[in-house]
Amino acid sequence: MTKQKPKKLFKVASEFNVATQSIVDTLSENGFDVTNRPNSSITAEMYEVLEGVYGDDKEKSIEHERAREEYESRRNQIMSSRNESVTIESHLEPMDDLPLEPEEDSGPEAELEPVDDQSSDKEKKEKEEEKEEVTEEPEEVTEDKEEEEVAAEADDEEEVTAEVEEKDEDEEVAEKSEEVEAEKEKEPEEEQETKIEEGSEDQEEEEEEDDDHDHEDEEEYEDEDEDEEEEEKDEEDGEDEEEDEEDEDVVRGRAGRLSGTKVLGKVEFSRENRKKRKKRKRRKDRLDPDERSSRKDKKKKTKKDDDSSAKSSKKSKKKRSRRSSRVDEEDVEKKMKETLQRIKEGETVGSKRQKRRKQRREEREEERAQQEELEELEETTLEVTEFITVSDLADLMGVKSNDVITTCMSLGMMVSINQRLDAATIELVAEEYGYDVEFVDAEEMIEDEIEVEEDDPEDLEPRSPIITVMGHVDHGKTSLLDYIRKAKVAAGEAGGITQHVGAYEVETDSGKKITFLDTPGHEAFTAMRSRGAQATDIVILVVAADDAVMPQTIEAINHSKAAGVPMVVAINKMDKAGANPDKIKSQLSEHGVIVEEYGGKNQVAEVSAHTGEGIDELLEKVLIEAELMELQANPDRLAQGIVLESRIDKGKGTVANILIQNGTLKVGDPFVAGPVFGRVRAMENEHGERLEAAGPSTPIQLTGFDDTPQAGDRLIVPKEEKAAKEIANQRQQIRREQSLRQTKHLTLDDLSRRMALGEVSELNIIIKADVDGSIEALSGALQKLSTEEVSVNIIHTGSGAITESDVLLASASDAIIIGFQVRPTSTARKLAENESIDIRLFSVIYDAVDEVHDALEGMLSPEIKEEMKGLVTVREIFKISRVGTIAGCYVNEGKINRNNPIRIIRDGVVIYDGEIDTLKRFKDDVKEVQAGYECGISIENFNDIKVGDEFESYEVVEEKRKLEDAR
Ligand SMILES: Nc1nc2c(ncn2[C@@H]2O[C@H](COP(=O)(O)OP(=O)(O)OP(=O)(O)O)[C@@H](O)[C@H]2O)c(=O)[nH]1
């Protein structure tokens, strides 16, 4: 230390992780006078003193730093490895080529043995096999030898057996004593644990299976004839076991494993697996708590000792759990054949008996191994939703929240009890406790709770199609709906339509019914879809014959394509002089809507909403399309529907317009609509008539809600009212949880994370650009980026500003919006903020391509972000000679700073990107101007400013992408 050069105060402070003032104080207490300046010198003597005082802190700080670094690197590792490891499917892949891990086959004793990294797999296997044979199945070696001997000298079977048995007994004793020696050499603690384990294991065997193999086999050596009896006994025991299982199964059924939202179990098990799961639980129940915890400890120990071996053992566990059903069937068949053979031959000879014994033992072993594997697998796998809180995670692992907090701290993270953890952290913490994690989707879990029975095809009846009318502004959507309503409803129904129920039914001349949703336009259609609901079966695309395919026509096409809903084209205004349906048809084909006469599959009708010409034909075509779709429903089941609209009525309480999609809703039925519980008080149709029951495709006005549901919420009638209430509660909880998750939709930043979670396999992109040329270039380049995991899917393109409709489509299709040289309108920007839609704006095509490419590869870091700082509108122009053009502006949003770069936007399209030359308030040059004030701006090297232009002031910030960003 004394040889050291003087150090700077600030460096020493950071080294010891204390404030500079503390250093100064400590030094002055020890007779050194140092001023509190960062560059003050700290001599070697002073340093020595400090080391005496803060040495411990320094070590702690280094340790902490090391822990933090380790944590970071492990997190990164997890993130990079998760692409392959997360999906449930990947766990279930058959892996027959993998050797079985000896750890799996060995008894609990073997688990105690920490896996030796150094020793080869073979050695490990041998060691563990040896151990198992001696401690659990003492005559296992004997059996193998017997088999060899017997095969070699099949003629003298009885003699050979006697000899072998004698020999084996000797061997057994020898091996046992060897084992005892080995045990003695072990750590006393471990030895003790082993004994406890052995004891409890034996006890368990005896209790549960009476004369089970270990015990039984010893007797077999004494008197072979007892075999027969034992076999009978075994069979009886087997029966008892089955009975036990059945009894316990009933109890478990009541236990309701998925109650509450915290335990998020949702792995699909086949029936076969379910049975095994029950069996496994039974075993688990049998273990006393101490043993269970000691097992857990052991697992933890093994896991920590050798991570990679744990991983491969996990794989083989999975392999075996899959294989087990096959093995069962094969074994049963094999055994049956052999039993028949035995009966035929009336066998008494020792070799056969031995074989039989061996098989029986093997069978038990196999079963036991399966049970243990499944038990372990279940015990060590947590099924969680992402972003669960620290306390929830602790509950799931059966540890104290404080322990989890401490673990997080040791990993270099400070967390609070209610903090929500991201996927990587959950995995890390769980790993510390010896658990694997499977992420499940909260919504999926809820769907699982509602048992929606599959309809028997025999019960299905045709239902009427549900139609939405879409098209460009003024092409005649409303007129068409009005005409249909008047002509087809008013005429048929006394009183016509008296109230708005969100939809209405019409009857065609052929006597068939069609249900029209009475809000035309793709906004309503997509808004509904963005809430996860799809009410429409077929879209009628209205295009005015005297006009052309317009931007909203294209949007409507893209929206229905994105939803996978077929379109029937109505070429409207055929009564008009300039009607040119052929032009429309050919323009439509350019956008992928190819009418039948052009060899496509879209039906087309030429109509006039004024004269009614062609409307019957249109409705018939809709019905043909519906027939092709084979729309069916089962009226004899509990109802399912969708909320079209809801409102609060002073007299009636909450009133909602519902479209029944399947089953029949009856007065008095309990139901759940989204997170709202209710009971059908009254139902009315569009004619104001009271209904006692409403079948498929019927629109109704419904009262009887506890609260107000949202449009797009699904209405379901469960079997029991209690279930409806529970589901409503759970959904409320889930909604709350989801509202806490800030990212509702996909963003480029969290793409790789969501890919890993299996949530994304398609990256939907909407492209808006200044000109068609850029759209083509950009969409071509982006489409080429598709990878094995994620295909890039361009769902909509268009020129001009990013509109609300684009944001709605993005929301409905979980898409991101890429804007090239365009900007969102202010309403679109706000909607995007509310809906958490990722809008990325670019000025260079390659930047856009690079960013999407990096996102797909999970390498989005560091991130260079543009932050919009202010928006101003040009109100007046002043041309001043020699100075140039000065724009008289009004700051609409944020503030405008002279030093920030600026973009000029005209009609939603960026026309110039540059710097501010002067920024003035009245005559004074100012640095910045706040929203709500006027100012004068001139732009460097740009004079073509026009009234109505917008200036966008922005700042480029570089952000290091953190895992926490994944939110
Ligand atoms: N001649 C003629 N005019 C029509 C026909 N259909 C609609 N129109 C006229 O076209 C104009 C626009 O019709 P709307 O039904 O309001 O069009 P829309 O598509 O619903 O328009 P938005 O609700 O604004 O999106 C109205 O003046 C209608 O009278 C038609 O078949 N023939």
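This structure is a prediction, so every number in the text was calculated from the model and none was measured.

## Remarks on a negative patch on the surface
A grouping of Asp-456, Glu-458, Asp-459, Glu-461 and Asp-636 is seen on the molecular surface, where their side chains present a negatively charged patch. The class for Glu-458 is exposed, based on a relative accessible area of 73%.

## Details of the confidence of the model for the protein chain
Per-chain confidence: the protein chain averages 71 in pLDDT, with 62% of residues scoring 70 or above. Under a pLDDT of 50 for its full length, residues 129-327 has, in the predicted model, 292 contacts with residues more than four places off or in other chains. Of the regions scoring below 50 in pLDDT, residues 960-967 engages in 22 contacts with residues more than four places distant in sequence or in other chains. Overall fold confidence for the complex sits at a pTM of 0.45, while the interface term, ipTM, reaches 0.98.

## As for unusual backbone geometry
Although it is not a glycine, Asp-474 adopts a positive phi angle of roughly 65°. The topology assignment puts Asp-474 in the loop between strand E6 (466-471) and helix H21 (477-490). In the Ramachandran plot, Asn-941 falls in the positive-phi region, its phi being about 60° despite a non-glycine side chain. Positionally, Asn-941 belongs in the loop between strand E33 (934-939) and strand E34 (950-959).

## Details of the site of the ligand
Contacts to the ligand come from 15 residues, most closely from Lys-477, Thr-478, Ser-479, Asp-575 and Ala-609. Interatomic distance of 2.9 Å between a side-chain N/O atom of Lys-477 and an oxygen atom of the ligand. Separating an oxygen atom of the ligand from a side-chain N or O atom of Asn-572 is a distance of 3.1 Å. For the ligand, whose unbound accessible area comes to 640 Å², protein coverage reaches 71%. In the shell around the ligand, the residues fall into 2 nonpolar, 8 polar and 5 charged.

## Considering the sheet that holds strand E10 (residues 567-572)
One key point about sheets: their strands pair by backbone hydrogen bonds, in either a parallel or an antiparallel sense. Pairing within the open sheet is mixed, and its 6 strands lie in the order E7-E8-E6-E9-E10-E11. Two strands lie at the open edges of the sheet, namely strand E7 (503-507) and strand E11 (603-606), each paired on one side alone. Pairs of neighbouring strands in the sheet enclose a mean axial angle of 30°, with direction left out of account. Strand direction decides the pairing type here: E6 and strand E8 (residues 513-517), joined by 2 bridges, are parallel. If you follow Ile-467 over to E8, its bridge partner there is Phe-516.

## Topic: the sheet that holds strand E22 (residues 762-769)
One open sheet holds the 4 strands; their spatial order is E23-E22-E24-E25, and the pairing between them is parallel. Two strands bound the open sheet, and with one partner strand each, they are strand E23 (791-799) and strand E25 (839-842). Across the sheet, the axes of successive neighbouring strands diverge by a mean angle of 25°, strand direction being ignored. Pairing geometry for E22 and E23, over 8 bridges, is parallel. The residue bridging Leu-763 from the neighbouring strand is Val-792, located in E23. Contacts between helix H28 (residues 772-783) and the sheet are confined to E22, E23 and strand E24 (815-820), with E23 contributing the most and set at about 175° to the helix.

Parameters at a glance
Residues numbered from 1 in each chain as written. Predicted model: local features only at pLDDT ≥ 70, side-chain atom pairs only at ≥ 80, totals over all residues. Heavy atoms only, no water. Patch = residues over 30% accessible without salt bridge, like charges linked within 9 Å, V, L, I, M, F, W, Y side chains within 5 Å. Areas by Shrake-Rupley, 256 points an atom, 1.4 Å probe, with all protein chains shown as cover. Salt bridge = Lys/Arg side-chain N within 4 Å of Asp/Glu carboxyl O. Lys, Arg positive; Asp, Glu negative; His and termini not counted. Charge placed at Lys NZ, Arg CZ, Asp CG, Glu CD. Buried < 20%, exposed > 50% of the residue type's maximum accessible area, 1.4 Å probe, protein only. pLDDT = per-residue confidence, 0-100. Contact = heavy atoms within 4.5 Å. Helix = DSSP H or I, 4+ residues; strand = E, 2+ residues; numbered from the N terminus. Near = heavy atom within 4 Å. Polar contact = N/O pair within 3.5 Å; in protein donor to acceptor, adjacent residues only side chain to side chain. Nonpolar A, V, L, I, M, F, W, Y, C, P; charged D, E, K, R; others polar. Pairing = 2+ DSSP bridges. Axes fitted to C-alpha atoms, helices over the stretch in contact; angles between N-to-C directions.

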